Every structure is written in C-alpha cells, then in structure tokens.
Amino acid sequence: MVRAPRGSAFPGGPSGLALLRPLQPPSTKMAQAAGHVAAPRPLPAPPAPPGPSRAARSAARPQSPASERPEAGMHPAAWAALGPLLWACGLALRGGMLYPRESPSRERKELHGLWSFRADFSENRQRGFEQRWYRSPLRESGPTLDMPVPSSFNDVGQDRQLRSFVGWVWYEREVTLPQRWTQDLGTRVVLRIGSAHYYAIVWVNGVHVVEHEGGHLPFEADISKLVQSGPLSSCRITIAINNTLTPHTLPPGTILHRTDTSKYPKGYFVQNTNFDFFNYAGLHRPVLLYTTPTTYIDDITVTTSVDQGTGLVDYQIFVQGSEHFQLEVRLLDQEGKVVAQGTGCRGQLQVPNAHLWWPYLMHEHPAYLYSLEVRVTTQTAAGPVSDFYTLPVGIRTVEVTERQFLINGKPFYFHGVNKHEDADIRGRGFDWALLVKDFNLLRWLGANAFRTSHYPYAEEVLQLCDRYGIVVIDESPGVGIVLAQSYGNRSLQHHLEVMGELVRRDKNHPAVVMWSVANEPASFLPPAGYYFKTLIAHTKALDPSRPVTFVTNSNYEADLGAPYVDVICVNSYYSWYHDYGHLEVIPLQLATQFENWYRTYQKPIIQSEYGAGAIPGFHQDPPVMFSEEYQKALLQQYHMVLDEKRKNYVVGELIWNFADFMTDQAPQRVMGNKKGIFTRQRQPKAAAFLLRERYWQLANDTRRPPAAGGAQCLESGLFHV
C-alpha cells in the first residue's frame, strides 16, 4: 500500500501494538515539490517506552472515530454495511507498476551495492525522527555500517542484537545523476524500491516523498521536481524501515512485553508471529532510478484467449502526461516478425496459428513468448516525442472445472514445490546467481509449478517462470491470520489493497495461473466467512481471468472460506505433527481427507503442502523421524494415495519444501526448518532423487518427451531423466 507523504502511520497504544491509521485512497504518483511537504511524525517504537509527553503523543496521533476502529467479531449487519465502503476503497488503487525496462525512451540506473546503514537502538526507537536524520547525511549524526543492497540486514553482521532487531533502521545512498536527467525538463525521473520490509518512509534530499506499507511489493515516487530544481549533479536518498508486525499487518504479529523485572530488563519485548519462517527485514530487492518522457505509458493490461487456433490478445493501455497523443501497438514473434498490429488505447490483436504458452514438460516447445511493443507519441514545441515499452506476452487460457485444472484446454497436473526467498547471509535478499541455481534445480527435478509461499516473490522470479514455463500460484503475504482482531475492518481493508497491488504488478505474467489470498488462516473463526468472501470477490473483480484460492489446514466441515474458492488447496502433515513415526496411517488419513473435501465442495483439490523434516546425513533403517529415510518413506506413502486420487479430482501436489530455510529459534527447529528436499545450500537429500523420478514419470504420463532416453528439449539444453 502506497501512501502520499503525510503523518504518523503507527499510533502505538499502551500495549505497544502499533495500529495502522485509517487509509485514504492512494494516489498514483506520490512525490511532492520541495518545500511543500512537512516532515513526517515518527512511528512510535514497538515497546512504547517512556518518550514524549502524553500531550505530545496525543497531538501527534490522529484520533480515529469509533466507526473506524477495528472490532473483532462484528455483527453481520455491521459487516454488511461496511462491505461497500471496503470494496470502494480496495478498488481505489490507480496507476501502473510496469517493470522498469530500458528502451529508446527509457533509462535505468541500478542502486545496488553498499548503502550507509544504522539501526535505531534508542529506547523508544524514535531518535532518528527526533534528530531528523533524513535532513543531512547519515554519517553526520553518528556512526554507520556498510550494508549491501539488496539483502536482509539480519545476517550480514556479527551483532546479535541486530539479527533480532525490531524497530526502525535507516538506509542512505548518495547518487550521481546523469546531466540530462537533471537539466531536461522533458525527462521524468522515478525512484523505485522493489521491496522494503515492512513499513518504509522515503526522503530525497531531505524531502519526504513516499511511504509504503507491506514488505513484498514495489513502490515508487516521481522525484523529477526534486532533482531538476537547481544545479544538482547528485541526490541523497534516505529510507527508514520498520519491521514491526501487528495484528493488522500482512503478515500479522504481536509484540509481547516481558514485565517481570526479576527475569527481564526494563522495557524488554519480543516480536511474536504465527508463521514458521524468519522475519527477515531490509531492502530485499533492487532499488533503482528510471526515466520516461513526461508523456509516458503508465500501465498495460493484457488478457489472452484462443479461438480455433487463432490467438486473441486483448490489450488496454493507460497513458499519463497528456490527453493528446498517438498510440501504436505491434506484436512480434520470437524471430522479430510482426504478426499483428493496432492503434489506440484499447483493442484486440489476432494471431493466426498462434504459438501457445505451454508449461514446462507439457509441450515440445514450452513457454513461447511474443513481444508487445507499445509506442506513444505526443507533439511538443521541440517536435514529436515518443515513449516505448515492450511487454512479453504469452498466449494461453486457464479454466477450472469440477474435476480438472485446464491450461489451453488440456488437463494440467501441478507437480512442484513450495519455496521461500531464503539463503545464507543474504536472508531474503535478491540474488541472480541463487535464482538461476534454483531454476536449474527445478528443471532438473522435473517440477512444473510452485507456489510463492508465503508472500509475493521478486518480479525477476516471475520473469524466469514466464521464460521457462514454470507455473505459479501467486500468493499474498496473508500468512498467520489466526487472531480474531486480524479479521476486523482495518485488516480487511489492508488485505484488499495488497491484493490490488499484487494483481497490478503480476497480472500480465502468463506463468501466473491462480491467485492465493492467504495461507493457513483460522478460517473457522466466525468473521472468516465474510472476510474471505469479500477478499476473493474483490480479487476476481480485479482479474476475472484467473481462479482464486487460499491454502487451508482447517477441518473441511468448519472452514468458512472454502465455499468461495475455485480450487481447494489443503495442507496436511500426517505422521509428522501427529501420529509421530506411524507411517502406516497415512494412506487411510490422506484418502479420507480428499474424499471429505471433494464430497463437500465438488471442486478440484491440490495437496498444497506435505512433507517431513530431514537433517542431511542422518540415516536410520528402519526409518525414524528426521532421518533422510523417514522423509523419503513418508513421501512414498503420500504418493500412493495421490496416484489414485489424481485419476479423479486431485489436480496437483506441491512438496513442502524446496529447500531448508531459516526460522525463529525454537527447540523444534535445529537452525531452521529442515523439510527441504534440498539443503539451504541447494544440495540434494535422498528425497530429491525420489521426487525427480516421480515428477518426470508424471510428465511422461501426460506427454512423453520426444527424444529417446527420456530427454526433454529446452531452450538452454537437454535435461535427462
């Protein structure tokens, strides 16, 4: 959620839980001219220790009317009255979020590398705002660290306090700008931040330009007026980030205060969460500057269909900066040949004998991508000026029936993984080498799909999925929604906006075939029915072309959100979290699970999580828990039932997890979660070879690879079974 520059966003209460202010419809471009933006009021610290006076705190915090305060367990009539308001607010998101690509009219400048960094360890976490660190170079207010961007800040240093730090951290970078950017008033300069976890405030040259809530989606600000206001050759970018999670954030969390001074220091607190992965924080994805002309292509929406072999590409293009322009559209194939063209902001391109976008291992030539070239031209005093943007387009269809998931009209079976953006040292920080390694392992494995558990992944991840044919269930950060107060109007409003941002960013990726709005919520709670009915309907309104689901671990009879999904996605861990070690009960329990869900809802089912932990190198025969043999044997028990039920209504299986990953420290977690079939360093366990054999056989059951010996031809080479 992007916010225009304004006041405090986390008014803290006596409990220390930060509650978000009521939202206003976000604007598209957030920057304001220098001198017209007041310095933001600080976000109070999670522990809410003694700080400013009560009067000062009161003056700094806007008071919400009672009607805007979240109430858990609201009466149905109140929910019904609130629904239209939330719907309108959720749909208020405007403006595009096209991935910054270079073109004849666009440049980009990456800001990766070392940034100056400081965590605000002051007791109230407000020193940075009290001393206005954003007004001058960060080094002038005290010592700084070198911090690589992109990365999480937690594991880079040797400071134990920094690894588990909760509160405000500050990043700063001095940037030298090309002369034409600062002198050409016909050039628009935009600052884009790929991800800042969780709440971010951004200043340029000490001027507050944008705020954003949510740690997994991009946001940006037009900073043209700030960098073109004088003889500047550089600018100073300051970003303050707060990783505090509250009952109303996504994901939610709580702050637990330890008040027994015989056991804990004064003011001691910890961040509690209801999800099983480490809450890494920082600038996780690329930060960059890019340019466009002042009349520019702001957004493109593409949907595709097929009519008797003719591909249909419906497009809608939004232009900002002028109402008087000419717009041309061309669709090129992979050889650069123009196969269709049109004019105007809306239209349909027809492609006879179209090459369809097929998933990996489902077709001899998977993942075919066309290029949609868009050119907008406007007349200026200096002559015509054009903006160019090229969007990859895959022509494919998605449909769900009572028993099948269809891609291009043919049954598709998900055989893949759940993942995390997680690795040694870098935490959740984006890394091209790691990403390419992961995709090589996915293709070696024969995986054709994954879910972005449990948050949206980097845009570059989806670009590779488009390129290689890896199907994606695109999930929001709605994980750990288990508290009653997380189903109130404030939480729902935020969740609606997050889905708007997610759809806006990822709507044009052919690899994305389904949206997931949440993972393992307490969907049996009374407010959950309305919450998920509203959320799913909203997502369908934003994108009618894709099915919508959420991933459940609730009882089939008690789940109040399941009636509204298109596909049932269910997580279960038989003989792991109960019936420890008793592998023999899995076939009965799993078969009963599938039969109960299908009998109740008559919808296709995906086994969206299953698995067991295995510590690499631990061996025991007969198998015992945490040995590689037990992990392998448990999967085999699941596979027997999956092979039977996939003949009927089960349409997929996604192992938990692709690789071991870091979690909070706990007696049950030996340096993280060990359910990966690969180690955190991407080395295979025994289960990886079992799944590889299975996934290639599943692919052969659908379409036998054309070459002898089980070889599948890919753009980058041959992978053999």
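Note that the structure is predicted; figures quoted are calculated from it, not measured. (Residues numbered from 1 in each chain as written. Predicted model: local features only at pLDDT ≥ 70, side-chain atom pairs only at ≥ 80, totals over all residues. Heavy atoms only, no water.)

### Some words on the packing of helix α12 (residues 628-645) against helix α13 (residues 686-702)
And then number 1: Across the interface, α12 lies against α13 with an axial gap of 8 Å and an inter-helix angle of 25°. Relative to α13, the element α12 is oriented roughly parallel. Every pair of crossing elements has a handedness; the one defined by α12 and α13 is right-handed. For the pair formed by α12 and α13, the contact residues are E628, Q631, K632, L635, Q636, H639, L642 and D643 on the first element and A686, A687, L690, L691 and R694 on the second.
And then number 2: Of the residues belonging to the contact of α12 with α13, the class tally is 6 nonpolar, 3 polar and 4 charged. (Axes fitted to C-alpha atoms, helices over the stretch in contact; angles between N-to-C directions. Helix = DSSP H or I, 4+ residues; strand = E, 2+ residues; numbered from the N terminus. Parallel < 35°, antiparallel > 145°, perpendicular 65-115°, else oblique. Left-handed = near helix turned anticlockwise from the far one by under 90°. Contact = heavy atoms within 4.5 Å. Nonpolar A, V, L, I, M, F, W, Y, C, P; charged D, E, K, R; others polar.)

### Looking at the sheet that holds strand β23 (residues 398-400)
And then number 1: Read from one edge to the other, the open sheet built from 3 strands follows the order β23-β24-β25, with strand pairing classed as antiparallel. The sheet terminates laterally at β23 and β25 (410-411), the two strands that pair on one side only.
And then number 2: Judged from the 2 bridges that link them, strand β24 (residues 405-407) and β25 form a sheet pairing that is antiparallel. By the bridge assignment for β25, I407 is matched with K410. (Pairing = 2+ DSSP bridges.)

### Side note on the packing of aromatic side chains
And then number 1: Going through the model one piece at a time under the given rule, you end up with 38 aromatic pairs.
And then number 2: Ring geometry for F450 and Y457: centres 6.0 Å apart, planes at 25°, overall stacked.
And then number 3: Residue F450 is classed as buried on the basis of its relative accessible area of 1%.
And then number 4: Looking at Y457, the relative accessible area reads 2%, which means it is buried.
And then number 5: Look at F532 and F550: their rings are 4.6 Å apart centre to centre, the planes differ by 25°, and that puts the pair in the stacked class. In this pair, F532 is assigned in helix α10 (residues 528-542) and F550 in strand β30 (residues 548-552), connecting sequence segments 18 residues apart. F550 carries the same exposure label as F532, and that label is buried.
And then number 6: Aromatic ring contacts, followed pair by pair, group F275, F277, F439, F450, Y455, Y457 and Y468 into a single cluster. (Phe/Tyr/Trp six-rings, centres within 6.5 Å; stacked < 30°, edge-to-face > 60°. Buried < 20%, exposed > 50% of the residue type's maximum accessible area, 1.4 Å probe, protein only.)

### Examining α13
The α-helix winds at 3.6 residues per turn, so residues separated by three or four positions along the chain end up facing the same way.
And then number 1: Relative to the 24 Å expected for 17 residues at 1.5 Å per residue, α13 spans 25 Å between its end C-alpha atoms, a close match to the ideal helical length.
And then number 2: By the burial criterion, the buried members of α13 are A687, A688, L690, L691, R692, R694, Y695, W696, L698, A699 and N700. (Expected span 1.5 Å × (residues − 1).)

### Digging into the environment of Q131
And then number 1: Tracing the backbone through its elements, the reader meets Q131 in the loop between α3 (127-130) and β4 (145-149).
And then number 2: Residue classification places Q131 among the partly exposed positions, given a relative accessible area of 46%.
And then number 3: Taking C-alpha positions, Q131 is 8.1 Å from S141, a pair spaced 10 residues apart along the chain.
And then number 4: Side chain to side chain, Q131 and W133 meet in a polar contact 3.0 Å long. (Polar contact = N/O pair within 3.5 Å; in protein donor to acceptor, adjacent residues only side chain to side chain.)

### Topic: the nonpolar core
And then number 1: Counting 151 residues, the largest nonpolar core has I300, L372, F405, F414, F439, F450 and F532 as its most contacted members.
And then number 2: In terms of residues, this core owes the most to one element, α13, which gives 8 residues.
And then number 3: Beyond its immediate sequence surroundings of up to four residues, L372 is in contact with I300, V302, V329, R330, L331, L349, Y389, T390, L391 and V393.
And then number 4: Membership of the second largest hydrophobic core comes to 37 residues, among which are L162, I193, F219 and L283. (Core = buried A, V, L, I, M, F, W, Y, C linked by side-chain atoms within 4.5 Å.)

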